[in-house]
4 protein chains.
Amino acid sequence: MKQVAIVGGTGYGAIELIRLLQGHSKLEITKIISHSQEGQRLEETYPHLKSFVPIPMEELNIHALDQEVDIVFFATPPGVSKQYIPHLQSVQCIDLSGDLRLDSPETYEMWYGQEGAPKSLLDEAVYGLSEIYSEKLSTARICSNPGCFPTASLLGLMPAVHHDLIDLSSIVIDGKTGVSGAGRKQSAMTHFSETNENVKPYKVGKHQHIPEIEQYLTREADQQAYINMTTHLIPMTRGLMCTIYTHLKSSVEPSYIHELYSNFYQNHPFVRVRPQDHFPATKEVTGSNFCDIGVHINERTGQLTIASAIDNLVKGAAGQAIQNANIMNGWNVEEGLQLIPMFP
Amino acid sequence: MKQVAIVGGTGYGAIELIRLLQGHSKLEITKIISHSQEGQRLEETYPHLKSFVPIPMEELNIHALDQEVDIVFFATPPGVSKQYIPHLQSVQCIDLSGDLRLDSPETYEMWYGQEGAPKSLLDEAVYGLSEIYSEKLSTARICSNPGCFPTASLLGLMPAVHHDLIDLSSIVIDGKTGVSGAGRKQSAMTHFSETNENVKPYKVGKHQHIPEIEQYLTREADQQAYINMTTHLIPMTRGLMCTIYTHLKSSVEPSYIHELYSNFYQNHPFVRVRPQDHFPATKEVTGSNFCDIGVHINERTGQLTIASAIDNLVKGAAGQAIQNANIMNGWNVEEGLQLIPMFP
Amino acid sequence: MKQVAIVGGTGYGAIELIRLLQGHSKLEITKIISHSQEGQRLEETYPHLKSFVPIPMEELNIHALDQEVDIVFFATPPGVSKQYIPHLQSVQCIDLSGDLRLDSPETYEMWYGQEGAPKSLLDEAVYGLSEIYSEKLSTARICSNPGCFPTASLLGLMPAVHHDLIDLSSIVIDGKTGVSGAGRKQSAMTHFSETNENVKPYKVGKHQHIPEIEQYLTREADQQAYINMTTHLIPMTRGLMCTIYTHLKSSVEPSYIHELYSNFYQNHPFVRVRPQDHFPATKEVTGSNFCDIGVHINERTGQLTIASAIDNLVKGAAGQAIQNANIMNGWNVEEGLQLIPMFP
Amino acid sequence: MKQVAIVGGTGYGAIELIRLLQGHSKLEITKIISHSQEGQRLEETYPHLKSFVPIPMEELNIHALDQEVDIVFFATPPGVSKQYIPHLQSVQCIDLSGDLRLDSPETYEMWYGQEGAPKSLLDEAVYGLSEIYSEKLSTARICSNPGCFPTASLLGLMPAVHHDLIDLSSIVIDGKTGVSGAGRKQSAMTHFSETNENVKPYKVGKHQHIPEIEQYLTREADQQAYINMTTHLIPMTRGLMCTIYTHLKSSVEPSYIHELYSNFYQNHPFVRVRPQDHFPATKEVTGSNFCDIGVHINERTGQLTIASAIDNLVKGAAGQAIQNANIMNGWNVEEGLQLIPMFP
């Protein structure tokens, strides 16, 4: 058993890591680190954890961590992991925050409003979009786990971009997320009375996941890509769907696209391409590490529409982080993640 | 007081007409017609109506209707109103169904899967997008009330199309609707356990509102328009948002667009253009006849994004129908509709 | 038109007063008072109010208020109105907070955790359970508007207590409320992600509505009454149901009880007793001032169960406050409140 | 590995059995039986199961079943299992329906409206309230799995009844259930638009779980028990809470009751008694086999209130069924069920 520390113990990312690692045969949690609740036990904040997680939370001692555990998951707000990871020399680090996702510290500063991580750290970190970068991940020590919208969007777009089927300037992404994506902090955006029975766009033109998606599209296409993405808050707790609209470069058969997508992901158990003319629903992946994808060609307009659904806390955060830990350690990629979605 | 008959008395459209007409000073309901529940009182099906609507429902006698009332609202499924309206010679008819919305019977047949209305009837009916066609509506006898997605989409697009600002081939509409849009019939789509905590696309590439939107965009632009629209079911009862993505023909200032939208609707009390960089939320129009609109220019990509929110049962159905009745009778357009949205 | 001031302008109680007064023919809002947002307009906080409420919010000047308006509604947190009402000599005051509801300052202090109002003020205020105390209200200047659970519970119990049918020591009240009852303040209790798909009891044994219910039951029965009430938070925004369980003193026919309830409320348009063996649902009163009641006799055990449903923000707060203003001014009790519930 | 057949393959009970058995190390599903969908694969109805459950559904051949599998779970509507179980001689049978729960065929007929099972079958079946009847279950071949309300209610009441602390004639149970309890069949009760933002009592005085609860209370107390239970439909998918109100026979300290409950369940990992003055929430058990219990003594009235929360599809159905299979086979009672609740 490898030993795990989770930094940022009281957020939803940490809680979901704990839920998922409960069924993992090669990883055990031995440290939960929380600055704000040091000395407390998690079940005081989260009664659902009663009878699990007997250890109290600890203050972070970054210098000891290298000796004490094998893997550190950072489930921390922006700006935390970039300070601490440089002090870790030997443990594997998986960063669920956005600190290491953008290649350039300047771009980070523009979208996150604070100084970026050191360039050397950015260069070392491998982007953990597991299905696409598994080879580099297999030898990485530091993994930058993708954002939730980038996970759904990039998995939805990669087959088409890889095969050069779409006009890169045409990409529109309409994102819809459950409220858990906003974390546990209380805000007007998370107030039940104002979020229930409501749909609203947020961070229009300003969402920090925009440059992340563009960066990896650009890398795959070898040509600068820009997207037009609007994210919406939807009255549900978990679940995220990106509906992606693109123009095809030339006319193709619907069955051709469908087969191309199916083939692209045939050895990747966590991406399920739906039968032709079927579309995913977020509830059909709830609680699981799946990304379900449906594709549609509008023959009247020559457009390709892609719907991509994930559980934002699993494939969009904690689940993919564990998937990356599996890859980085040479284990079966499905270890600990063979969960059937909870339906209904 | 003019006398009103509602045909299709037990659907949500009729129920909402009844709710709204309760506060109308010039219209009173004297007939509620339901084939399936003739002789019953509405409160047997809808206990919330107890102490309102004392009259029992009746079987439809189309030939008598002309003498008995002044206005007939058809809140009926597809295929009903097109049969009956030709028999009405003198009453005003407002059709909430899709039967009279498409100019060509052939297009109707393609999207609705049944024979279209007689061409002469289609030619006589005036499309009831109140803010845009008020002049023609003021002399109309037959009004074809718009669909819910077309109402939000067209009100969102009209200022930009009217001023020739956008590339017509670039229009993407991502629609999100509450479940009441699917009506009262029970189906897998309306099952609480499977719809709650879920987002799913439906009728992809097949939604009958697509040709309706295209027809009126084409008319306004004087050039064939095609749209790429995907509609999604969202876990809420009421509310509909269309997020619309377009390419600008040339670069413009955000403040210019915002002012242009504000001016376009300045004499139209039911369209509220939000302050620059503010966006609507469906809950902020719930229960009211407002269409709230926000616009955003993505300066990195030259795209114009429009968010347009309505209550699908009010501005998207019964409210706009009453607005049209007001216009057709020369009354204050706000009569009976001065309701503050119910928030939260 | 009488002129109205609302104190506590940015809470849900005030917002609902504004929504309802929009349709009132004898009252107009001329002052909205908010300490925290003085100088701002309400639509900055509540965009749904755009195009309504043109006046900016003001700081409270309690000494001027007596001259400036005719009626003051206090929609304030506990502890505010008891300080200010003593300074008002001539205007009518309707207090939506709990400050004036308990006869004894000591009891108030025990349940609210702060000093009670002066006894003279408590003696002058009339409890605004409109259907029961309309006679005293018709000559009152100061009205203490009831809490939401007391409104539903007392209207459900009064006919049985009045006719001495039930064992007072047997009363169990199981309360279920939507989240809007907790107000706009952000708290763990109102966080969407943790409240959605959840039911939880709260303030068990400590809810400040317990002594309020007991006081008015005791007054009606002329004998000390104690209740056992547990309140639950339910994943919905509006709506409140009290399910009330009691032992009958002696065996009676179900039809007798039903008739007794129907007769008790026959001249009270806002209480709708459902047909025998029918029960109310909160959605059937949403947005309206109705209290819907169903009664059931368990013939196996001699128990009477009563279900009583209201919209917590209307009959449980702002609606009943306006109903009381109507009574205090000798107007039709339904003035401004003839709204059909919004369904679905 | 023992081989499992599930009869009634397309209901929520079966789907949840499949989800949970995915992680069971001693049971594998080899047969899924569905009369209505014979020949189809489950993922056609339930796309979330894609890549799981490769076997097609089969028609029931009751005579072959005895040879083909080791355990049969009946997740069938009322009236099915009672016909088939008599034909099974050697396999273990676990019946999730209500067919074998009531001792007397006459009582069954009165509440279920159809003929009861043969008395000999009723006599052989052991009631599967795992924590209470584990000894008898350990040698049983036929298990009658409890209903959802009885599971929560009986686990909540048993410690107090066992220790003779409460007046049996005083028991009031207020039940609140998510909509999944109504199954997959479409009905007015499960329609999203009418169930969302709504609370309603249902089957008042007629719920078939009433005699089930009374039977086992009577058995434990050795004296006839009657309860007064009202069940409510709540706008959530999963989760069930029973709030139970009782009169204590004599005055006791809150800490005494709390300790008594904690001790009663100390060797039962699936019942978690909350710390004194803490209460459970349904979301804190979602997806897990836990029953969380909180107790409160109202010292003013001498009443004991108990809140008991389960996931209706897990501890209230499929989870407890697997727990019973574990007991019947002498395995660790937690096998396959060590799931942390999914929160948020």
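Residues numbered from 1 in each chain as written. Chains lettered and ligands numbered in written order. Predicted model: local features only at pLDDT ≥ 70, side-chain atom pairs only at ≥ 80, totals over all residues. Heavy atoms only, no water.

(A) View of the sheet that holds strand β9 (residues 228-233) of chain B. All names here are of chain B. Pairing is mixed in the open sheet, where seven strands are placed in the order β8-β9-β7-β10-β13-β12-β11. Where the open sheet ends on each side, the last strands, each with one partner, are β8 (200-202) and β11 (271-273). Ignoring which end each strand starts from, the neighbouring axes of this sheet average 25° apart. The pairing of strand β10 (residues 240-247) with strand β13 (residues 303-310) spans eight bridges and is classified as antiparallel. (Pairing = 2+ DSSP bridges. Helix = DSSP H or I, 4+ residues; strand = E, 2+ residues; numbered from the N terminus. Axes fitted to C-alpha atoms, helices over the stretch in contact; angles between N-to-C directions.)

(B) Inspection of the interface of chain B and chain A at higher detail. At the interface, 46 residues of chain B touch 46 residues of chain A. Summed over both partners, the interface of chain B with chain A buries about 3,800 Å², with 56% contributed by carbon and sulfur atoms. Between the two partners, chain B and chain A, sit four salt bridges. Taking the shortest distance from any N to any O, the salt bridge between R300 of chain A and E214 of chain B comes out at 2.6 Å. Between chain B and chain A we count 28 residue pairs in polar contact (both at pLDDT 80 or more) in total. Mapped by element, the contributors of at least two residues to the side of chain B that touches chain A are β7 (172-177), α9 (192-195), β8, α10 (209-221), β9, β10, β12 (291-298) and β13 of chain B. Here the residues of the side of chain B that touches chain A sort into 20 nonpolar, 17 polar and nine charged. (Contact = heavy atoms within 4.5 Å. Buried area = accessible area lost by both parts, 1.4 Å probe. Salt bridge = Lys/Arg side-chain N within 4 Å of Asp/Glu carboxyl O. Polar contact = N/O pair within 3.5 Å; in protein donor to acceptor, adjacent residues only side chain to side chain. Nonpolar A, V, L, I, M, F, W, Y, C, P; charged D, E, K, R; others polar.)

(C) View of the state of the cysteines. All names here are of chain D. Under the defined criterion, the tally for this structure stands at zero disulfides over all chains. Its sulfur unpaired, C143 is 10 Å from the next cysteine sulfur, which belongs to C93. A relative accessible area of 0% means that C143 is categorised as buried. C291 carries a free sulfur, and the closest cysteine sulfur to it, the one in C242, is 8.9 Å from it. A relative accessible area of 0% means that C291 is categorised as buried. (Disulfide = S-S within 2.5 Å. Buried < 20%, exposed > 50% of the residue type's maximum accessible area, 1.4 Å probe, protein only.)

(D) Representation of the interface of chain B and chain D within the structure. Facing the 20 residues of chain B at the interface are 20 residues of chain D. Summed over both sides, the interface between chain B and chain D buries roughly 1,600 Å², with carbon and sulfur atoms accounting for 49% of that surface. Looking at the side of chain B facing chain D, the largest losses of area belong to Q186, H191 and F192 of chain B, adding up to 41% of the total buried there. In this structure, the salt-bridge partner of R184 of chain D is E194 of chain B, at a minimum N-O distance of 2.6 Å. When residues in the side of chain B that touches chain D are grouped by element, the largest group, four residues, is from α9 of chain B.

(E) Spotlight on the domain arrangement of chain A. All names here are of chain A. When the domains of chain A are assigned, the result is domain 1 (2-124) and domain 2 (149-312). Here the C-alpha centre of domain 2 lies 27 Å away from the C-alpha centre of domain 1. In this complex, domain 1 contributes twelve residues to the contact, which on the side of domain 2 involves 16 residues. Overall, the association of domain 1 and domain 2 removes approximately 1,200 Å² of surface from exposure, summing both partners, and the carbon and sulfur fraction of that is 51%. The largest contributions to the domain 1 side of the interface with domain 2 come from Y12, R101 and W111, which together make up 50% of the buried area. In this structure, the connection of domain 1 to domain 2 is made through three salt bridges. The shortest N-O distance in the salt bridge between D103 and R219 comes to 3.0 Å. At the boundary of domain 1 and domain 2, one finds eight residue pairs in polar contact (both at pLDDT 80 or more). Taken together, the elements giving at least two residues each to the side of domain 1 that touches domain 2 come down to α1 (12-21) and α5 (105-112). Among the residues making up the side of domain 1 that touches domain 2, the classes are represented as five nonpolar, three polar and four charged. (Domains from an automatic or database assignment.)

(F) Representation of the UniProt feature "active site" (unreviewed entry) in chain A. Residues and elements named next belong to chain A. Feature annotation in UniProt places "active site" (unreviewed entry) on C148, given in this structure's numbering. Among the structural elements, C148 can be located in helix α8 (residues 148-162). Given the relative accessible area of 14%, C148 is considered buried. Not counting chain neighbours up to four residues away, the residues in contact with C148 comprise H209, L240, I310, N312 and G316. (UniProt positions renumbered as here; feature names shortened; annotations may be inferred.)

(G) Seen up close, the relation of the copies chain B and chain A. The two copies are related by a screw operation: chain B maps onto chain A through 180° of rotation and 0.0 Å of translation along the axis, at an RMSD of 0.0 Å. The operation mapping one copy onto its partner corresponds to a two-fold rotation axis. When the interface residues of chain B are mapped onto chain A, 100% of them again lie at the interface, so the same face is used by both copies. (Least-squares fit on C-alpha atoms with pLDDT ≥ 70 in both.)

(H) Summary view of the packing of helix α7 (residues 130-137) of chain B against helix α12 (residues 314-328) of chain B. All names here are of chain B. Packing of α7 against α12 leaves a shortest axis separation of 10 Å and a crossing angle of 30°. Seen along the crossing, α7 lies across α12 with a hand that is right-handed. Facing α7, whose interface residues are S130, E131, S134 and L137, α12 presents K315, Q320, Q323, N324, I327 and M328. Residue composition of the contact of α7 with α12, by class: three nonpolar, five polar and two charged. (Left-handed = near helix turned anticlockwise from the far one by under 90°.)

(I) Just unusual backbone geometry, in detail. Residue and element names in this part refer to chain A. With an omega of -5°, the peptide bond running from F343 to P344 counts as cis. By the secondary structure assignment, P344 is in the segment after α12 (314-328). One non-glycine residue, V53, lies in positive phi territory at about 50°. Summarising the element assignment, V53 is placed in the loop between α2 (42-45) and α3 (62-68). For D222, which is not glycine, the phi dihedral falls at a positive 60°. As for its placement among the helices and strands, D222 is situated in the loop between α10 (209-221) and β9 (228-233).

(J) Representation of the pattern of salt bridges. Counted under the stated rule, the structure contains 76 salt bridges over all chains. One salt bridge in this structure joins E68 of chain D and K31 of chain D, with 3.5 Å as the shortest N-O distance. With a gap of 37 residues between them, E68 of chain D in helix α3 (residues 62-68) and K31 of chain D in strand β2 (residues 27-33) connect regions that are remote in the sequence. With relative accessibility at 12%, the residue K31 of chain D sits in the buried group. The network of salt bridges with common partners includes E16, R19, R238 and D311 of chain A.

(K) Quick peek at the environment of T243 of chain B. Note on placement: T243 of chain B falls in strand β10. Judged by its relative accessible area of 0%, T243 of chain B is buried. Excluding its chain neighbours within four sequence positions, the residues that come into contact with T243 of chain B are D174, T230 and H232 of chain A together with V172, I173, D174, K176, T305 and I306 of chain B. Of note is the side chain of T243 of chain B, whose polar atom sits 2.8 Å from the side chain of K176 of chain B.

(L) Region of the structure containing the environment of P341 of chain A. For P341 of chain A, the position within the fold is in the segment after α12. Considering only alpha carbons, one finds P341 of chain A and K283 of chain A, 58 residues apart in sequence, at a separation of 7.9 Å. The contact partners of P341 of chain A, leaving out residues within four places of it in the chain, are R272, E284, V285, T286, S288 and F290 of chain A together with R19, H48 and F52 of chain D.

(M) Layout of the side chain of S308 of chain C. Residues and elements named next belong to chain C. With respect to the helices, strands and loops of the structure, S308 is situated in strand β13 (residues 303-310). Within polar-contact distance, the side chain of S308 engages the backbone oxygen of A152 at 2.8 Å. Contact partners of S308, with chain neighbours within four places excluded, come to A152, G156, L240, M241, C242, C291, D292 and I293.

(N) Main features of the sheet that holds strand β12 (residues 291-298) of chain D. Residue and element names in this part refer to chain D. With mixed pairing, the seven strands of this open sheet are ordered in space as β8-β9-β7-β10-β13-β12-β11. Of all strands in the sheet, those bounded by a partner on one side alone are β8 (200-202) and β11 (271-273). Neighbour-to-neighbour, the strand axes of this sheet turn through a mean angle of 25°, independent of strand direction. Summarising the sheet, strand β7 (residues 172-177) and strand β9 (residues 228-233) pair through six bridges and their orientation is parallel. Opposite K176, over in β9, you have H232 as the bridge partner. Each of β7, β8, β9, β10 (240-247), β11, β12 and β13 (303-310) touches helix α8 (residues 148-162); the most contacted strand, β10, lies at about 35° to it.

(O) Layout of the nonpolar core. Counting 368 residues, the largest nonpolar core has F73 of chain A, F73 of chain B, F73 of chain C together with F73 of chain D as the members making the most contacts within it. Those residues within four positions of F73 of chain C in sequence are excluded, and the remaining contacts are V4, A5, I6, V7, L17, L21, I94, L96, A321, I322 and A325 of chain C. (Core = buried A, V, L, I, M, F, W, Y, C linked by side-chain atoms within 4.5 Å.)

(P) Molecular detail of the pairing of strand β2 (residues 27-33) of chain B. Residue and element names in this part refer to chain B. Pairing geometry for strand β1 (residues 2-7) and β2, over six bridges, is parallel. Its bridge partner being in β2, I6 is matched across the sheet by I32. With respect to chirality, the unit in which β1 leads through helix α1 (residues 12-21) into the neighbouring parallel β2 is right-handed. (Right-handed = clockwise from strand over helix to strand, strands pointing away.)

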